Amino acid sequence: MVSSCYPVFAGKEPEKGVEVLSKSFNLEVAHHFKSDFMEYYVLKDANGNHMVLMRHNDIEALGFYGMRLNEDNLDAMVDFLKTQGYEFAFGPFDTPSSIIAVMEHPSNPNAHRYIVSHHKKD
């Protein structure tokens, strides 16, 4: 079951997008993650709507746009997307707080890419 979904955009300088969106639309950074190869901002408005701006060395050349799907059952969503022709592009990655996979439709380059995410709960 999808608990939330929202758009994800990748680019070279996501912090500039965060600055513009924060000022223009009163969005706040709800989460921020940074590593050597990736930077990830989850933005949130006063109504609880989300969007993601990110930088990732391997995917920004794709002009990445996709939808993040937060899932209670990651395996069920992955299986469903596979029946639609989707395959893993990256991952799945198992972190201490979540399991994340990027899925794409190789025979349809115009199809959405999906970031399927399961937040581990104690």
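This text goes with the structure placed above it.
Residues numbered from 1 in each chain as written. Predicted model: local features only at pLDDT ≥ 70, side-chain atom pairs only at ≥ 80, totals over all residues. Heavy atoms only, no water.

### Regarding the overall build of the chain
Looking only at helices and strands, the chain has two helices and eight strands in total. Written out in order from the N terminus, the α and β elements of the chain read β-α-β-β-β-β-α-β-β-β. Its C-alpha atoms give the chain principal-axis dimensions of about 40 × 35 × 25 Å. The 122 residues of the chain split such that 36% are buried. Expressed as a percentage of contacts within the chain between residues at least 6 apart in sequence, the contacts between residues at least 24 apart total 50%. In the structure as shown, the chain presents an accessible area of about 7,500 Å², 53% of it carried by carbon and sulfur atoms. Counting 11 positive and 17 negative side-chain charges, the chain places the centres of these two groups 4 Å from one another. (Helix = DSSP H or I, 4+ residues; strand = E, 2+ residues; numbered from the N terminus. Buried < 20%, exposed > 50% of the residue type's maximum accessible area, 1.4 Å probe, protein only. Contact = heavy atoms within 4.5 Å. Areas by Shrake-Rupley, 256 points an atom, 1.4 Å probe, with all protein chains shown as cover. Lys, Arg positive; Asp, Glu negative; His and termini not counted. Charge placed at Lys NZ, Arg CZ, Asp CG, Glu CD.)

### Focus: unusual backbone geometry
In this structure, the amide linkage connecting Gly91 to the following residue, Pro92, adopts the cis form with an omega of 10°. Within the secondary structure layout, Pro92 lies in strand β6 (residues 87-94).

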